[in-house]
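Architecture and fold: a report
What follows is the residue order along each chain.
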Amino acid sequence: MSSASEQRREQLVEVFNEAAVCEKCPLSATRTRVVFGSGNADADLMFVGEAPGAEEDRQGLPFVGRAGALLTELLEGIDLRREDVFIANVLKCRPPGNRDPQPIEIESCEPYLARQVQLIEPRVVCTLGNFATKLLTRSQTGITKVRGAPQVHSLGGRTVFVMPLFHPAAALRTPSVADTLRSDFAKLPELLKQAPPDAEPAATPEPSNAEPQSSQAEPALEADQLGLFG
Ligand code: URA
């Protein structure tokens, strides 16, 4: 591992340690574990979902339930393993009963995702589902309209391709969504080969008929024990 990679990994562990004891919002009272994210600290490709579910909250790892199994399968379909990418969520703690994230929770958690993007330096950030897509593209346009077409955005102080994708949980419910998700995944290898984008274009005004926004602690040693960051 190069010293730059090692430094990046160490800094990510520092952010992990901070998040692991976070009490910035009320979710700290109801979570079992903080789900910081896992994967390759040097990844070119990052996935961002909405928030941990029950199984993720139990294990402290993102996308480990049925939707996670589909995500793993979709990655394998483009010759990638989970260890090659970094998988995270907008919220690092589970909202009780998987309810929609609240503004205070989003605001409190945003710096963690920003730091993750800043340190990992991905070329492509895939947003999984409506919630992560609207938040990271700063647009109220729904996932059905924007999926499968890369956008250029500034995240964590870096300019990246943001690729909106259907959420794997939606694909489990609807076979046609699964087909679309698979064909959108197939676009990722080419996108990853493209030169990193220049600065984010100036924002265009939102259409007036845009949808409202809705959703569809461990110390450093433990981060290593969990094998969170490759
Ligand atoms: N859904 C998400 O958005 N994130 C997870 O980690 C699991 C399910």
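Residues numbered from 1 in each chain as written. Predicted model: local features only at pLDDT ≥ 70, side-chain atom pairs only at ≥ 80, totals over all residues. Heavy atoms only, no water.

Here we look at the overall build of the protein
Assigned secondary structure in the protein consists of ten helices and six strands. Out of the 230 residues in the protein, the part that is buried amounts to 50%. Accessible surface, the protein: about 10,700 Å² in total, of which carbon and sulfur atoms supply 51%. (Helix = DSSP H or I, 4+ residues; strand = E, 2+ residues; numbered from the N terminus. Buried < 20%, exposed > 50% of the residue type's maximum accessible area, 1.4 Å probe, protein only. Areas by Shrake-Rupley, 256 points an atom, 1.4 Å probe, with all protein chains shown as cover.)

Overview of the site of the ligand
For the ligand, the full set of nearby residues is G49, E50, A51, E56, P62, F63, N89 and H167. Within the side chain of N89, an N or O atom sits 2.8 Å from a nitrogen atom of the ligand. H167 places a polar side-chain atom, nitrogen or oxygen, 2.9 Å from an oxygen atom of the ligand. Protein burial of the ligand: of its 240 Å² of free accessible surface, 90% is covered by the chains. When grouped by side-chain class, the residues that make up the shell around the ligand number three nonpolar, three polar and two charged. (Near = heavy atom within 4 Å. Polar contact = N/O pair within 3.5 Å; in protein donor to acceptor, adjacent residues only side chain to side chain. Nonpolar A, V, L, I, M, F, W, Y, C, P; charged D, E, K, R; others polar.)

Notes on helix α5 (residues 129-137)
For α5, the buried fraction is high: nine of the nine residues fall into the buried class. Looking one or two residues past α5, R138 carries a phi angle of roughly 50°, positive in sign.

Observations concerning the pattern of salt bridges
As enumerated under the stated definition, the model contains twelve salt bridges in all. A salt bridge links E73 to R182, with the shortest nitrogen-to-oxygen separation between them at 3.3 Å. Residue E73 is located in helix α3 (residues 66-77), and its partner R182 is located in helix α8 (residues 175-185); the two are separated by 109 residues in the primary sequence. Judged by relative accessible area, E73 falls into the partly exposed class, the value being 41%. R182 sits in the partly exposed class, given a relative accessible area of 39%. The residue K193 makes a salt bridge to E190 at a minimum N-O spacing of 3.0 Å. In this pair, K193 and E190 are both assigned in helix α9 (residues 188-193), three residues apart and thus about one turn of the helix distant. (Salt bridge = Lys/Arg side-chain N within 4 Å of Asp/Glu carboxyl O.)

Topic: the packing of aromatic side chains
The tally for this structure, following the rule as stated, stands at two aromatic pairs. Where F47 meets F185, the ring centres are 5.6 Å apart and the plane angle is 10°; that geometry is what we call stacked. Taken as a pair, F47 in strand β2 (residues 45-49) and F185 in helix α8 lie far apart in primary sequence, 138 residues in all. For the pair F47 and F185, one class covers both residues: buried. (Phe/Tyr/Trp six-rings, centres within 6.5 Å; stacked < 30°, edge-to-face > 60°.)

Focus: the packing of helix α1 (residues 3-20) against helix α4 (residues 103-120)
Two numbers describe how α1 lies on α4: the axes approach to 10 Å, and their chain directions differ by 170°. Judged by the inter-axis angle, α1 sits roughly antiparallel to α4. Of the residues in α4, those touching α1 at R8, Q11, L12, V15, E18 and A19 are Y112, R115, Q116, L119 and I120. Among the residues making up the contact of α1 with α4, the classes are represented as six nonpolar, two polar and three charged. (Axes fitted to C-alpha atoms, helices over the stretch in contact; angles between N-to-C directions. Parallel < 35°, antiparallel > 145°, perpendicular 65-115°, else oblique. Contact = heavy atoms within 4.5 Å.)

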